[in-house]
Amino acid sequence: PPRSTPLYSSAASDVYKRQNEYFAAQLRQFTGQFGVSFEDVKDLSVAALVGRLITMADTEDDKSRLEDLLRVFRGAGVASQKVASLGLTDGKQAK
């Protein structure tokens, strides 16, 4: 369907929301794994947080997954946003 239709807009919104939930879950997993509190990093950019997590990763698999996550954040245009703008809190998503 054309991009201007309500159906397309709704579908795009649903995909965007699911992607955000997935990436938020990935960030939560890694911050929990490395003992990083969202409160402590809320003023960092998303890219700076992921960069910090990459330096903390002790396996190539974790580093690779974090580098992939950073590429996705850059592609989505959120890498320069502050972590606080994602609405994340430790252990759960803010409502």
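If you're wondering where the values come from, they're calculated on a predicted model, not measured in any experiment. Within each chain, residue numbers correspond to sequence positions counted from 1 in written order. Given that this is a predicted model, residues contribute local features only at a pLDDT of at least 70 and side-chain atom pairs are listed and counted only at 80 or more, while totals for whole chains, interfaces and linings are drawn from all residues. The side-chain values count all of the structure's non-hydrogen atoms but skip hydrogen atoms and water molecules.

A word on the confidence of the model for the chain. By definition, pLDDT measures how confident the predictor is in each residue, and it falls between 0 and 100. Per-residue confidence for the chain averages 82 on the pLDDT scale, and 77% of its residues sit at or above 70. Put simply, DSSP H or I for four residues or longer makes a helix, DSSP E for two residues or longer makes a strand, and each gets a number counted from the N terminus. Confidence, read as mean pLDDT per element, is least for strand E2 (residues 92-93) in the chain (42) and greatest for helix H3 (residues 46-56) (96).

A separate point is helix H4 (residues 60-76). Here H4 is 17 residues long and its end C-alpha atoms lie 24 Å apart, about the 24 Å a rise of 1.5 Å per residue gives. Within H4, the full set of buried residues consists of Asp62, Leu66, Leu69, Leu70 and Phe73. Buried residues of H4 fall within an arc of 105 degrees about the axis and therefore sit on the same side. Facing away from the buried side of H4 by more than 90 degrees, the exposed set consists of Glu60, Arg71, Arg74 and Gly75. A positive phi of about 80 degrees marks Gly77, the residue just after H4. By definition here, a helix of n residues has an expected span of 1.5 Å times n minus one. Here the term buried applies to any residue with accessible area under 20% of the maximum for its type, exposed to any over 50%, and partly exposed to those in between, with areas from a 1.4 Å probe on protein chains only. By definition, the arc is the one covered by directions from the helix axis to the C-beta atoms.

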